[in-house]
Amino acid sequence: MAAPLIVLALFWDRFSLGKSRWLRPRILTIGRWENSWLMIVSGILSILIGIFLFLTDGTASLGGVLTIGDQFATEAWVLDMSSLVTNLGFGIAAIVVLGLIALAYAARNRRTRRERVPQREE
């Protein structure tokens with residue numbers, strides 16, 4: 001769920017997406033009430049999803065991609081595979097990944113700072 005947001009965050013500054021005309025909110029004003037079209041559409045969608053969930057007894061009556069047996073077999077396989085990784089191994093892998101992210105972030109900040117600092121003329 002978070003992957004699209006992470007990708008968007010990575011490219012937001014690089015491509016100046018915040019300055020794009022098509023991303024600016026279009027305001028609708030009716031009397032004293034004022035809101036953007038995006039908020040109106042997302043509100044309507046939220047209401048429709050709520051009505052859908054109410055009428056269909058939530059997601060209990062919706063079918064799934066896998067049958068119950070296939071889902072159980074998949075969960076059992078994932079559990080078997082995850083039991084091969086020790087807590088120490090997972091902790092080390094997590095520290096390495098977080099360290100790489102921190103290094104990439106620090107390098108990006110250094111590069112951004114160098115670009116912002118005006119060069120002195122001699």
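Going by the structure above, here's the rest.
The paragraphs below set out a description of the structure included in this document. None of the values given here were measured: they were computed from a predicted structure. (Residues numbered from 1 in each chain as written. Predicted model: local features only at pLDDT ≥ 70, side-chain atom pairs only at ≥ 80, totals over all residues. Heavy atoms only, no water.)

1. A closer look at the overall build of the protein
Piece 1. For the protein, the helix and strand inventory stands at four helices and two strands.
Piece 2. In sequence order, the secondary structure elements of the protein are arranged as α-β-β-α-α-α.
Piece 3. A globule of 122 residues ought to have a C-alpha radius of gyration of about 14 Å, yet the protein, at 24 Å, is considerably larger.
Piece 4. On the principal axes, the C-alpha backbone points of the protein span a range of 75 × 60 × 20 Å.
Piece 5. Carbon together with sulfur atoms contributes 68% to the accessible area of the protein, which is approximately 11,700 Å² in total.
Piece 6. Separation between the mean location of the 13 positive side-chain charges and that of the 9 negative ones in the protein comes to 16 Å. (Helix = DSSP H or I, 4+ residues; strand = E, 2+ residues; numbered from the N terminus. Rg over C-alpha atoms; globule rule 2.2 N^0.38 Å. Areas by Shrake-Rupley, 256 points an atom, 1.4 Å probe, with all protein chains shown as cover. Lys, Arg positive; Asp, Glu negative; His and termini not counted. Charge placed at Lys NZ, Arg CZ, Asp CG, Glu CD.)

2. Description of the pairing of strand E1 (residues 27-30)
Piece 1. As defined by bridge partners, E1 adjoins strand E2 (residues 33-36) across four bridges and the pair is classed as antiparallel. When the bridges of E2 are listed, Ile-27 appears paired with Ser-36.
Piece 2. The loop that links E1 with its antiparallel partner E2 comprises two residues; one of these, Gly-31, has a positive phi angle of about 65°. (Pairing = 2+ DSSP bridges.)

3. Comments concerning the pattern of salt bridges
Piece 1. With the rule as written, the count across this model stands at one salt bridge.
Piece 2. The residue Arg-108 makes a salt bridge to Asp-13 at a minimum N-O spacing of 3.3 Å. Placement of the pair is Arg-108 in helix H4 (residues 87-116) and Asp-13 in the loop between helix H1 (3-12) and E1, with a sequence separation of 95 residues. (Salt bridge = Lys/Arg side-chain N within 4 Å of Asp/Glu carboxyl O.)

Just geometry here; none of it tells us what the structure is for.
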